[in-house]
Amino acid sequence: PGAQRTGQLLPGEHGFRFFLHWYENLQDTLGRITAGDDRTVLDNLAPVDELLIDEYIFSFTKAEPVPVRPPLAWIKAMTACRRRHEEEFEATTWESYIEANLKDEAPEVIAFFKNTPKATASVHCDEASVRALSYTLNRLLMNPGLDVLNGPTSLAWFEHWLAHLKKLGVIFHFGHELAGFDIRDQEIASAMVRHNGVVTQHKADHYLAAIPHQKLVESFTHDQLQQYGLGHLSRLKSGWQAGIVLYLKEPIHLPRGHFGFSGSAWAISGIQQTDFWSEDHLAQFTDPNHCGAILSLIIADWEEPGLLSGKPANACTLDELVAELKHQLIRYAPEAYRASFERMVALDYTIDPGIHLTGLTGLTGLTGLT
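How each quantity is defined
Residues numbered from 1 in each chain as written. Predicted model: local features only at pLDDT ≥ 70, side-chain atom pairs only at ≥ 80, totals over all residues. Heavy atoms only, no water. Phe/Tyr/Trp six-rings, centres within 6.5 Å; stacked < 30°, edge-to-face > 60°. Helix = DSSP H or I, 4+ residues; strand = E, 2+ residues; numbered from the N terminus. Lys NZ or Arg CZ within 6 Å of the ring centre and 35° of its normal. Pairing = 2+ DSSP bridges. Core = buried A, V, L, I, M, F, W, Y, C linked by side-chain atoms within 4.5 Å. Buried < 20%, exposed > 50% of the residue type's maximum accessible area, 1.4 Å probe, protein only. Contact = heavy atoms within 4.5 Å. Axes fitted to C-alpha atoms, helices over the stretch in contact; angles between N-to-C directions. Salt bridge = Lys/Arg side-chain N within 4 Å of Asp/Glu carboxyl O.

Undergrad: Kindly report on the packing of aromatic side chains, identifying the contributing residues and their values.
TA: Evaluated as defined, the whole model comprises 17 aromatic pairs. Geometrically, the ring pair formed by Phe158 and Trp161 is tilted, given 6.2 Å between the ring centres and 40 degrees between the ring planes. Here Phe158 and its partner Trp161 are both found in helix H7 (residues 153-167), three residues apart, which amounts to about one turn of the helix. These aromatic residues form a ring-pair network of at least three members: Tyr56, Phe58, Trp74, Phe112 and Phe113. The ring of Tyr332 has Arg331 lying over it, and the distance from NZ or CZ to the ring centre is 5.5 Å.

What follows is the structure, given as structure tokens:
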């Protein structure tokens with residue numbers, strides 16, 4: 001999407017993608033995608049220096065003490081044996097575990113650990129199991145650090161990936177939609193594809209569905225879901241964690257990395273993308289007259305009432321959404337960064353194209369985070 005008020009086309013991707021260092025398979029893939037001039041997409045990753053969660057800063061570059069003392073109960077969960085994780089912690093929510101075992105801790109410490117799932121795994125503490133979250137946190141501690149792209153996602157990654165796959169013989173059919181499957185003798189005989197209102201059948205040796213699970217469920221008939229034991233797909237839960245991009249008049253002072261205010265009404269997190277962009281990308285998309293910086297914000301809770309109008313994010317208009325976001329950023333930012341959000345001037349903004357806000361009937365969308 002382009003920014004209209006600035007008079008200049010600007011990247012509309014929310015750019016919140018981050019690459020944890022323990023994503024070894026992804027690093028291997030990026031290292032095999034050429035990006036010109038003897039470079040690969042892996043070379044387009046830039047390291048994040050620090051992470052701000054609520055009022056605590058975690059540094060990836062300095063040998064500093066962890067800002068929050070890990071409670072003993074947290075250490076026990078992290079170091080429990082596999083059998084205990086499977087027999088006890090799989091059925092125990094993170095919220096119930098924290099409430100039962102951190103009673104003697106300070107309120108801000110309890111709040112921090114209860115909000116950890118939002119910041120690390122994009123789930124609410126009453127939905128995340130102790131087993132699942134412990135596994136994620138263990139991986140983070142064993143191989144800390146994360147990277148972001150050094151430019152807009154399409155330019156730094158997707159365009160190179162598309163060219164790479166085409167070179168390998170992949171044929172893309174844009175504008176086509178999966179309409180269903182023809183299943184015979186316990187196997188998929190063909191996939192039905194809709195294009196311009198016409199449905200055709202396509203046969204293949206293998207079928208890979210990389211689509212939101214809601215869309216996959218819609219691709220099967222009710223009888224197919226029941227007959228082939230796929231009914232559990234409809235019971236999967238997914239949550240919105242969608243983004244909006246603010247095009248700022250000038251950069252603001254923020255940590256050089258992601259920030260997350262998990263205690264905010266809408267569980268807001270973000271990053272100033274342009275802090276990590278290469279000189280070429282900065283020269284192409286930023287200038288004092290149109291856009292000085294690009295701030296990506298993510299809303300993880302679309303149903304909690306806001307502070308200004310009392311409306312949840314999914315019932316706001318786009319202008320109401322932006323006003324509420326700024327208000328919450330000022331309200332929940334630590335003192336060191338509050339003035340940055342107070343002085344922030346957004347020349348324009350664009351929301352994730354998969355989200356449609358009406359201000360009346362709530363949001364509808366094409367994509368979500370499972």
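Undergrad: Kindly report on the pairing of strand E9 (residues 187-195), identifying the contributing residues and their values.
TA: Taken together, the seven bridges between strand E8 (residues 177-184) and E9 define a ladder with antiparallel strand orientation. What sits directly across from Glu177, in E9, is Arg194. Between E8 and E9, which pair antiparallel one after the other, the connecting turn spans two residues, and Asp185 there sits at a positive phi close to 55 degrees. Pairing geometry for E9 and strand E10 (residues 198-202), over five bridges, is antiparallel. Its bridge partner lying in E10, Val193 is registered against Thr200. Linking E9 back to E10 in an antiparallel pair, the connection comprises two residues, with Asn196 at a positive phi of about 55 degrees.

Undergrad: Give me the lowdown on the nonpolar core, citing residues and values where you can.
TA: Grouped together as the largest cluster of nonpolar side chains are 30 residues, with contacts concentrated most on Phe259, Trp266, Leu297, Leu321 and Phe341. Of all the elements in the fold, those that place two or more residues in this core are strand E11 (242-248), strand E12 (259-261), strand E14 (293-299), helix H11 (318-332), helix H12 (335-343) and strand E15 (346-351). Setting aside anything within four residues of it in sequence, one finds Phe341 in contact with Ile252, Leu254, Phe259, Phe261, Lys326, Leu329, Ile330 and Ala333. Counting 20 residues, the second-largest nonpolar core is a separate cluster that includes Trp74, Ala77, Met78 and Val130.

Undergrad: Explain the sheet that holds E10 residue by residue, including any values.
TA: Taken together, the three strands give an open sheet; going across it, the order is E8-E9-E10, and neighbouring strands pair in antiparallel fashion. In this open sheet, the two edge strands, each paired with only one partner strand, are E8 and E10. If you compare each strand with its neighbour and ignore which way they point, the axes differ by 25 degrees on average.

Undergrad: Requested: an account of the pattern of salt bridges, with residues and values cited.
TA: Applying the stated criterion across every chain, the model contains 14 salt bridges. Note that Glu88 and Arg84 form a salt bridge whose closest N and O atoms lie 2.9 Å from each other. Here Arg84 falls in the partly exposed class, since its relative accessible area comes to 34%. Members of the salt-bridge network, linked through shared partners, are Arg82, Glu86, Glu90 and Arg131.

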